[in-house]
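Structural features, examined
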Amino acid sequence: MTKTSFSNLQPEYLALVDHNKCVRCKRCIQNCGWGTYSFGGDKILADHSKCVACGRCYTYCPEGAISIVKNPTVIRENANWKENLVQNIWRQSETGGIIISGMGTTFKYKKYFDHILLDACQVTNPSIDPLREPMELRTYLGKKPAKLDLGMDENGEPVLKSKMPPQIELQTPFVFGAMSYGSISLNAQKAIALAARALGIVMNTGEGGLHDDLVPFGKNIIVQVASGRFGVHRDYLNSGIAVEIKIGQGAKPGIGGHLPGEKIGLDISRTRMIPVGTDAISPAPHHDIYSIEDLRQLIYAIKEATDYEKPVSVKVAAVHNIAAIVSGIVRAGADIVYIDGYTGGTGAAPNIVRDHVGLPIELALAQVDERLREEGIRNEASIIAAGSIRSSADAVKAIALGADAVAIGTAALIVMGCHVCGKCNTGNCSWGITTQRPELVRRLDPEVYGERLYNLISAWSHEIQEVLGAMGVNSIESLRGSRERLRGVELTDAELKALGIKHAGL
Amino acid sequence: MMTIDAAGMPYKELNKQIREGIAKGIKKFFLENVNGQYYIGDGIKGDDVIININGTPGNDLGAFMDGPTLIVNNNAQDNIGNTMNSGKIIVKGDAGDVVGYGMRGGRIYIFGNAGYRVGIHMKGYNEQLPVIIIGGKVGSFFAEYMAGGVIVLLGLNNTEPDGEYFASGMHGGTIYIRKNIDFSKYSKEVEFIQADENDMNFLKKYLMEYSDSFNISAEEILGSSFYKITPSSARPYAHLYTSA
Amino acid sequence: MLRIKNKFNAERDISGCGLCGIINAKKVKTNGSDIKKAISVEHDRGNGLGGGFAVYGNYPDYAELYAFHIMYDNLSAKTDVETYLKNNFIIEKEEPIATLRTSKIYDHPYLHRYFIKPKTDRQDKLFHELGDDDFVVNSVMLINQNYDGAYVFSSGKNMGAFKGVGYPEDIADFYKLEEIEGYMWTAHNRFPTNTPGWWGGAHPFTLLDWSIVHNGEISSYGINKRYLEMYKYNLALRTDTEVITYILDLLIRKHRLPIRLALTVLASPFYQNIDKMDSGRKELYTALRQIYGSALLNGPFAIVFGYLGGMVAMNDRIKLRPLVAASAGDFTYVASEEAAIKAICPFPDIIWSPKAGEPVIVEFEEKKVPQKGEMIRL
């Protein structure tokens, strides 16, 4: 079909320049990765259709001359035909494409974390002062035997008879979620690596291989093996603290990945070990895993290749039958299960999947933890909960529902300036995060944002300590799975049952 | 040299002995009475290590392998050469499904037939050029997502590929087919040409090595005509998506 | 209607308390008047809604039999339970538990005791290969959960619990403890926080020969309970004491941990201290926390527990509840308050406050078991 140049699409935002304040320094032109601004001879011009409201221009405008506003022009809508539905129909009729976006869903589903209240001590048991008394957040991820295997030394003192399975030691129950080099920039990965090391936690390579510059951070890195096997080789498997098999992702369960060839420059090509300029396609399934016993086969292929020294994590998206799936994963030999809820982020996913597939992490986590306990195998694997952990409160609630640790993805990008515009797939990120354009990547200083990431997680950790103290416990393991300390508000009986908590007041 | 009687031995023990042997500097291994042990050669390193296998090795033979040579004197099972980086796997019988998944380098020579999904997501990188040569036929989804490297189907003993949906999403690498070819079995994302002299010169060393591995004559094979199949684009899905 | 079971709409039944214990390492026996005197000094730590005692060595003539103390709030429950017992146990002797009519305890269940042992050909054997101890535990849980109006409050060998709703000194009179002799005693005075008190909920809580008295509200109850449920413990009572007992049962009886290590699980050292240990101990204590983190008792507690081999007293790892210990000759005393000990032993050899999380363990010197009937008074 011949394409017409005429488009029905309307700009979502208007980039307004106050020409009285503007000194024509052209910083906005430089800063905008989208090409919104240009210089018209005597003043700055704005192409509104390119603006995504990423906030870069007004943050860096020295005169405060820019404001970004929602386009006041009405696209006629009603309760059924919302503006974005109409715009998407135009978009697809003009291109014939599958609509894709970055970040997590923008749909307004119920956020269960916001309907859970925490307990605190009053009189009958005391709260503990977290600033002046010990308050332990240290967390170990990995398989724990059901019981201690004890022997005696020559003095008759008990000693450990068999070595513990390998564990990841975290100084606070956070990990950075998997974000590959390719989906984000190397500078963004470096900022995360610096923070992970300073915090005593771990980051995750995602399916993008391990860049040489990150090799020294190995003790703070989980290396991922996904269906495309990019950058996966023997030494890679042994270069991190643990290996993760990625089955799925909350934003796009059941969907593969696709890093377009134009993002595969020399450096990414080296890291992923593929030629420059070819698409990096991750198949939807692992083609060596079509069944649960195949997962076991891959888990042990990795354990053999790493001489049983690395815990193996399996990352899955929260889907309807998640409890049974995770039970199978644990029985297949996974040491850690990473569960990603449907609000989790992505570098790119078809909107139909991102917005309509999956399960809230709160419900998935509650069901998984309960199921593993019923089966008596909760100790066999640690659980990482992910999928839009937005605050320390979300983290505390996730841990009380049964998670060993939570993963931070989008929040970490927000630290680096991300305004959650959801255009990661385009590679134009003005903040230098989800782009490979050198002039944009360069502006993200790993040292500066490494420190800010450190600040955020430290602050959240202190907040968790405050809450633990209020609850009268001084170790995170006394909160983990302690649903008795949670109550629901504005939840139905079915929701309360799925979460395994009581309604407030009961 | 080290001979291991693998009869009844769990794979963990067998592979541990191999790893320990390699660490001690042993170069040549003979595994006797192998039957179903998984992960032989998994993650091992060393270009001059040769492991001779008698019996039927289990799945994931040579997974993540980086250098050594595995010689299987019988049939092999599924997932051989999974994500292999370099080295050589020689199978004197048939191989199962998913041969060379995500393979980045090294060679897999199979005398007989291979199953479904051969060479899926195989990729080359820099100097590394993975090569699979299969003497017999292959099943469906052969070379799906192929991103690099070389696969050669010889069709010896008058075998024809009996699967379909070949080379879907192929966006790199080269396939060579000896004998007739049923174009309808291949995806629209590939192009066919007759292999020329340059191609044959390129293939020669691999085909010679293949023939030597199985003590068969290279002449007949080298004298045949081959089709060469390459992807039309390194970006097969460039127009599939539109940004919200 | 008598309350022998927890029928209150509360997820947990919690309480503040006072406690004490007496043990003679050479198994010299005393009667119940000392322990009564000691616990009565702690009168104000309770509120009259629960008092109780455990005594060891009180059934020497039936030392090889499980002594079941069962409370009934109606006689048909008794008939039902006895049918179950007869089908599965050999009942060597049964009798009402002797009580004294007293105006202080004006309302009480019918109290009966049975000296029994599991039959070798019990029906249960068709399905399971449980040992006798496990079968007894299962039977206790079964009766307590499924038999309305019946509650087993003691099930060990050569020991017994005596408890009810009331102040402990009145409960002592009610059960005529001055006529009972034992070489180890524990006592409890209860202040329930969120229920009006019920007979079964008084301490000690017992299981086989474990008996626990406890002070404080465990802040980690939620996860302690879910951890035990994974090992098929049925936490019917919803009390902290029940949780502690089952954790000890799991660690010591089922996982075979030495008592001292099991106690380390309840009040584990902080990581900053573990990190300073030599490598072998560091490995052991780290593993202990990694494996048993969900069994850590977090929050305030002081416990005294008795078992066939001795007595242990300890408190939580940041000492949120009081505990005092003293020894005089072969006797060791523990209590919430020093005054309780001084009331019965004015001049102990030593008296001390155990450090946070450091257990006081007194084990019987088995080689010097005194003759039956031999006893002394202070």
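Residues numbered from 1 in each chain as written. Chains lettered and ligands numbered in written order. Predicted model: local features only at pLDDT ≥ 70, side-chain atom pairs only at ≥ 80, totals over all residues.

Okay, the sheet that holds strand 17 (residues 312-317) of chain A next. Spatially, the eight strands close up into a barrel ordered 11-12-13-14-17-18-20-21 (chain A), and their pairing is parallel. In this sheet, neighbouring strand axes are inclined to one another by 25 degrees on average, regardless of whether the strands run parallel or antiparallel. (Pairing = 2+ DSSP bridges. Helix = DSSP H or I, 4+ residues; strand = E, 2+ residues; numbered from the N terminus. Axes fitted to C-alpha atoms, helices over the stretch in contact; angles between N-to-C directions.)

A separate point is helix 2 (residues 197-214) of chain B. Residues and elements named next belong to chain B. The terminal C-alpha atoms of helix 2 lie 25 Å apart, and with 18 residues this matches the ideal 26 Å at 1.5 Å per residue to within 8%. Largest kink in helix 2: about 40 degrees, centred on Lys 204. Residues of helix 2 that are buried: Leu 203, Leu 207, Tyr 210 and Ser 211. The inward-facing, buried residues of helix 2 abut strand 6 (107-110), strand 7 (131-134), strand 8 (147-153), strand 9 (172-178) and helix 3 (218-223). After helix 2 finishes, the residue Asn 215 shows a positive phi value of roughly 55 degrees. (Expected span 1.5 Å × (residues − 1). Bend = angle between axes of the 7 residues up to and from the residue. Buried ≥ 20, exposed ≤ 12 C-beta atoms within 10 Å, placed from the backbone. Contact = placed C-beta atoms within 7 Å.)

Moving on: the domain arrangement of chain B. Residues and elements named next belong to chain B. The domain architecture assigned to chain B consists of domain 1 (1-93) and domain 2 (94-234). Between the C-alpha centres of domain 1 and domain 2 there is a distance of 24 Å. Its residues assigned to classes, the side of domain 1 that touches domain 2 comprises six nonpolar, 10 polar and three charged. (Domains from an automatic or database assignment. Nonpolar A, V, L, I, M, F, W, Y, C, P; charged D, E, K, R; others polar.)

To continue, consider the nonpolar core. Counting residues in each nonpolar core, the largest one holds 224 residues, and the members touching the most others are A:Val337, A:Ile339, A:Leu365, A:Ile384 and A:Val406. Here this core takes nine residues from helix 4 (residues 186-199) of chain A, the largest share from any one element. Setting aside residues no more than four positions away along its own chain, A:Ile339 makes contact with A:Val316, A:Ala318, A:Ile322, A:Val326, A:Ile361, A:Ala364, A:Leu365, A:Val368, A:Ile383, A:Ala385 and A:Ala386. Listed in part, the 113 residues of the second largest apolar core include C:Leu19, C:Ile116, C:Ala172 and C:Ile223. (Core = buried A, V, L, I, M, F, W, Y, C linked by C-beta atoms within 7 Å.)

In this section: the interface of chain C and chain A. Interfaces are frequently sized by the accessible area removed from exposure as the parts join. Contact with chain C, which involves 36 residues of that partner, is made by 35 residues of chain A. Those elements giving two or more residues to the side of chain C that touches chain A turn out to be helix 5 (221-230), helix 8 (271-274) and helix 9 (279-292) of chain C. A total of seven residues in the side of chain C that touches chain A trace back to one element, the largest contributor, which is helix 9 of chain C. Among the residues making up the side of chain C that touches chain A, the classes are represented as 17 nonpolar, 14 polar and five charged.

Residues and elements named next belong to chain A. The residue Asn 88 is located in helix 3 (residues 83-95) in this model. A residue is classified by how many C-beta atoms lie within 10 Å of it, and Asn 88, with 16 of them, is partly exposed. Remark: the alpha-carbon pair of Asn 88 and Glu 63, spanning 25 residues in sequence, is separated by 36 Å.

What follows covers the pairing of strand 8 (residues 159-164) of chain C. Residue and element names in this part refer to chain C. In terms of residue burial, strand 8 counts as a mostly covered element, since six of its six residues are buried. Across the two faces of strand 8 the burial is the same, with Met 159, Ala 161 and Lys 163 and Gly 160, Phe 162 and Gly 164 all buried. Two strands pair when backbone bridges link them, and strand 3 (residues 51-56) and strand 8 are joined in this way by six bridges, in the antiparallel orientation. If you follow Gly 51 over to strand 8, its bridge partner there is Gly 164.

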